[in-house]
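Survey of secondary and tertiary structure
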Amino acid sequence: MTTNVAVETTPEIPLWNDPTQDIGTRVSALIAAMTLEEKIAQLYGVWVGASDEGGEVAPHQHDMEEAVDLDALLPAGLGQLTRPFGTAPVDPALGALSLLRTQTRIAAANRFGIPALAHEECLAGFATWGATAYPVPLSWGATFDPALIRRMAAAIGRDMRSVGVHQGLAPVLDVVRDARWGRVEETIGEDPYLVGSIGTAYVQGLQSAGVVATLKHFAGYSASRAGRNLAPVGMGPRERADVLLPPFEMAVREGAADSVMHAYTDTDGMPSAADEDLLTGLLRDTWGFEGTVVADYFGIAFLSTLHGVAGDWADAAGTALRAGVDVELPTVKTFGAPLAEAVAAGRVPEALIDRALRRVLLQKARLGLLDADWNPVPAALGGADLDDPDALRGTVDLDTAENRELARTVAEEAVVLLRNDGTLPLGRPHRIALIGPNATEATAVLGCYSFPQHVGVHHPGTPPGIDLPTLEDALRREFPDAEFTVVRGTGVDDGDVLGIAEAVDTARRADVVVAALGDRAGLFGRGTSGEGCDAESLALPGAQQRLLDALLDTGTPVVTVLLAGRPYALGRAVDEAAAIVQSFFPGVEGTTAIAGVLSGRTNPSGRLPVSVPRGTGGQPAGYLGARLAQASDVSNIDPTAAFAFGHGLSYTSFEWGGLTVDRPEADTDGAFLLALTVRNTGEREGTEVVQLYLHDPVASVVQPVQRLVGYARVPLAPGEARRLRVTVPADLASFTGRDGRRVVEPGELELRLAASSSDARLTAKVTLTGAARQVDHTRRFHALFEQEPAHPAL
């Protein structure tokens, strides 16, 4: 078969195919040579599924799309291929061959030899059959470790690029505003700085492997009313600017993200896909974004069907193009014939087509897809016999030992020990009662965008393609001498209470109970967590709280283990459980990581990226609230968390001290200088997470009581101490002022060095002097933590 695509329109290489020429000049020449139909063809994708026999992809049918005729489309070209690997189970090598053959066909069919850009989901790993399922983003946030997440993203990107994928639809930079929202598991947390710093690291890692990162969902999706998926968003411009937008600013500026996906939602009556001020004025003109804006799936059509701001498909297409959307995904609907007819009729200027096209072609050129020597053979198939598909099967490994080790490291750093009365680590218990719906469920570690939960559920006869040890498997390996009794007790959400009596009887005969509770990930009501699986309250699903209370009544120590996609109120367990271990869908190595924490093989260092509520209602809540959002005498609802944002325990102890403030005063364009010492006063190695919060007692507009502005992981051996020096730029005190512009105001501040948002250890009172100063997206985002070499124990 032919594996190289050559463009031979003239004896010489056309300008647009010459990589030695300026990229902008190349793209301009190509646009000038294209017909309107060819231009529009680059602005949409087609949803396909790779062939498990290695043949060309087949169009995927969805209940929201019409059938696609590839033979009719391809002579004009094609912008994107939607999820060739993530639509149905396919052997990775044969999927790569299928994509290769399809790309060859696409390039040969159009007169410029332009291949499609292939995109996939990668929210918790490459979402394809047989690929490593890493912990979900909420676990990324729990690590407070950007460097580790950068490594993980680079590994994900290398796997994607190796089989021919160019773009990944991640990370999600939505800040949690209501934990009832089903997609909390897809977010990084409830604090914009944590989301921005971790999310930017993911972008840097993915793009270092040559895969375009796509920021989503821009902007406001997570702030929907009542936590309902795709519901209207009610917020003012200040909350949007200070809470929801900073992660995107950071990822655009510091991560150089090359793609953004618009949100489905509307804010104050303006859908994101129609918001020119957002997608062009802010994103491009102010922030300087130069990549592509892609539609969330079917989002352009929703301008007509859901939002009612467009009368027909052509109107929806023109509205989105004017706003700044460049690519329609997942398939062609509004950007096809309706758009071409609208241009011909004068309803949509061709200049808008050219603007979007230029961005798309610049991206393809940066990926090498316009080069004369472009080759569709991906790295994973280099040197293979492409004419023997059967020999290829099983030759591409996307779940390597290196991947698993990295997944285990992320999972271990993400496990959060919420409570411990000394029961943990367990040591060598003789009789363990393992009780609960997630004790023996292999997929309990997976989020809704993992391949087995997202796609595999529709193919029940197909194995998951990856090893998924259950919690029972992991605990039996961790405690080989223990006697286990395993009882389900109840289901995740079936409300069944018939098994509780057996669970209680089992618990009474055990030395310790491990209660495995939490969620089942799914989509659109098929789970208790995930897209379209919103919660009415934050009570544990089904009869799980009733089971937990019954176990607590037995008097046997109960170690509550949560495999969940959101935080839940835990009732009496907050005060009565022997220990509580929180894990947010920790991926393929998650149960091994949890077992290591229970045994003490691993010293937990995870910190909460979201608050754990004490009550099941009173939402939305979270630590990032103003004074009126706190408990008071004028309301009977106390929103105080059971476990605050940033909280997490260790098996060792740390002492904080030696605070010095070398520069307690700074101009509004200056910086404060602090230093502190952290010592490990326990008997084993551990990692403390030093968190820096800013409290602004008096400002021209209402401020949160405190907000995270920096953090650092500090690993220490027993007895070791480390001096940390912290530079805090005045820019971190900025907020959106009364006139809608970001400002740093003079006045007194508190810089709280804390183990969590409710546990300040050291406080520095500092003062900003001089005149109020306006700042913008070029402001400094980070406090600089410099760690001196550790001082050994005396």
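Residues numbered from 1 in each chain as written. Predicted model: local features only at pLDDT ≥ 70, side-chain atom pairs only at ≥ 80, totals over all residues. Heavy atoms only, no water.

**Re the overall build of the protein**
Secondary structure summary: the protein contains 22 helices and 30 strands in total. Taken against the 2.2 N^0.38 rule, which gives 28 Å for 794 residues, the C-alpha radius of gyration of the protein at 27 Å falls within 12% of a compact globule. In the protein, which comprises 794 residues, the proportion classed as buried is 64%. Put simply, 79% of the contacts in the protein that link residues at least 6 apart link residues at least 24 apart. With an accessible surface of roughly 27500 Å², the protein has 49% of that area assigned to carbon and sulfur atoms. Charge separation in the protein, taken as the distance between the mean sites of 65 positive and 101 negative side-chain charges, equals 5 Å. (Helix = DSSP H or I, 4+ residues; strand = E, 2+ residues; numbered from the N terminus. Rg over C-alpha atoms; globule rule 2.2 N^0.38 Å. Buried < 20%, exposed > 50% of the residue type's maximum accessible area, 1.4 Å probe, protein only. Contact = heavy atoms within 4.5 Å. Areas by Shrake-Rupley, 256 points an atom, 1.4 Å probe, with all protein chains shown as cover. Lys, Arg positive; Asp, Glu negative; His and termini not counted. Charge placed at Lys NZ, Arg CZ, Asp CG, Glu CD.)

**Some thoughts on the side chain of Thr-470**
Tracing the sequence through the fold places Thr-470 in the loop between helix H17 (451-454) and helix H18 (471-478). Note on Thr-470: relative accessible area 9%, which makes it buried. Those residues within four positions of Thr-470 in sequence are excluded, and the remaining contacts are Ala-439, Thr-440, Glu-441, Ala-442 and Thr-591.

**Some points on the environment of Leu-649**
Among the secondary structure elements, Leu-649 is positioned in the loop between strand S18 (641-643) and strand S19 (654-663). C-alpha separation for the pair Leu-649 and Gln-691, spaced 42 residues apart in sequence, amounts to 14 Å. Those residues within four positions of Leu-649 in sequence are excluded, and the remaining contacts are Leu-417, Leu-418, Arg-419, Asn-420, Pro-604 and Arg-607.

**Considerations on the sheet that holds strand S3 (residues 80-82)**
With respect to topology, eight strands assemble into an open sheet ordered S2-S1-S3-S4-S5-S6-S7-S10, the strand pairing being mixed. At either margin of the open sheet sits one strand with a lone partner, and together these are strand S2 (58-59) and strand S10 (292-294). Here strand S4 (residues 117-120) runs beside strand S5 (residues 167-168); their pairing, made up of two bridges, is parallel. Bridge pairing in S5 places His-119 opposite Gln-167. Lying on the sheet, helix H7 (residues 192-208) is in contact with S5 and strand S6 (212-218); it crosses S6 at an angle near 150°. On top of the sheet, helix H10 (residues 276-286) reaches S6, strand S7 (259-262) and S10; it is set at about 150° to S10, its chief contact. (Pairing = 2+ DSSP bridges. Axes fitted to C-alpha atoms, helices over the stretch in contact; angles between N-to-C directions.)

**Concerning the confidence of the model for the protein**
Of all residues in the protein, 98% have pLDDT values of 70 or greater, and the mean over the chain is 95. Contacts of residues 1-10 to residues separated by more than four positions or lying in other chains number 24 contacts, the stretch itself having pLDDT below 50. (pLDDT = per-residue confidence, 0-100.)

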